[in-house]
Amino acid sequence: MKKIGIMGGTFDPIHYGHLVAAEMARGEFKLSKVLFIPTGTPPHKNRRDISAGEVRFEMVKRAIQDNPAFDISALEIEREGPSYTVETLRVLRRTWPEDELYFITGSDALLEIFSWREAEEIFKLIQFIGAARPGFDASDFFLKVQQEHPETQGKIHYLEVPALAISSTDIRARVRRGEPIRYLLPEPVRLYLEELGLYVE
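The present account deals with the structure reproduced in this document. Predicted model only: the values in this text are computed from it and were never measured.

About the criteria used
Residues numbered from 1 in each chain as written. Predicted model: local features only at pLDDT ≥ 70, side-chain atom pairs only at ≥ 80, totals over all residues. Heavy atoms only, no water. Salt bridge = Lys/Arg side-chain N within 4 Å of Asp/Glu carboxyl O. Buried < 20%, exposed > 50% of the residue type's maximum accessible area, 1.4 Å probe, protein only. Helix = DSSP H or I, 4+ residues; strand = E, 2+ residues; numbered from the N terminus. Core = buried A, V, L, I, M, F, W, Y, C linked by side-chain atoms within 4.5 Å. Contact = heavy atoms within 4.5 Å.

## A few points about the pattern of salt bridges
- Under the defined criterion, the tally for this structure stands at 15 salt bridges.
- Residue E187 pairs with R182 through a salt bridge whose shortest N-O separation is 3.2 Å.
- Residue classification places E187 among the partly exposed residues on the basis of a relative accessible area of 27%.
- For E194, the salt bridge is made with R190, and the minimal N-O distance between the two is 3.2 Å. In this pair, E194 and R190 both sit in helix 9 (residues 187-196), 4 residues apart, roughly one turn of the helix.
- Overall, R190 belongs to the buried group, its relative accessible area being 11%.
- Connected through salt bridges with shared partners, the residues D170, R174, R177 and E179 form a single ionic network.

## Remarks on the nonpolar core
- If you look at the biggest cluster of nonpolar residues, it comprises 36 residues, and the most contacted ones within it are M7, I14, V34, F36, M59, I64 and L193.
- Every element with two or more residues in this core is listed here: helix 1 (16-28), strand 2 (33-38), helix 2 (53-64), strand 3 (70-72), strand 4 (100-106), strand 5 (127-132), helix 8 (168-177) and helix 9.
- Top element by residues in this core is helix 2. It accounts for 5 residues.
- In this structure, I14 is in contact with L19, F36, M59, V60, A63, L185, P186 and V189, ignoring residues within four places of it in sequence.

## Notes on unusual backbone geometry
- Cis geometry is found at the peptide bond from D12 to P13, where omega equals 5°.
- Tracing the chain through its elements places P13 in the loop between strand 1 (3-9) and helix 1.
- With phi around 55°, F11 is a residue other than glycine that occupies positive phi space.
- When you line up the elements, F11 lands in the loop between strand 1 and helix 1.

This is how it looks when you write it as structure tokens:
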């Protein structure tokens, strides 16, 4: 039985916060690999606000190319209509019926998880690794979740990740303002953004 990490997100753009979180989760939880799944059409975001799926897929591909433990899937980008996590997880569960699956996400996203479609079903399909920046006290949150949702007992794990101060929103804003973004994200991704003129107004 393998342990497989799943990292979903808009990745617009992918940056070192994502990559450090994935690699630290891989080491801490002994994951055999981490599969990055760029979101297709996020149900909670305006489609015009995010870059095309093919562009975000290419950014992730370039970002992870030098790590043999990282892989990428176009599962959500190729699916028509809004991307719901529960649908993706059902496909992955059929692919790896015997393996342990861990969904790696930010602790702030975990706060909203019970607003996701079929949240209770999601907890039957996968465990969660909540990545948080140093100094973020997640203990109250975990206690509250486990009291209100006993089915999550032992299904949510906490991981402190130093690089999580970096954000895609900040990177896009920096590009618009003409400020440097080097060292916030992998150089092949930065060059690709420059090549396409992404985020420039």
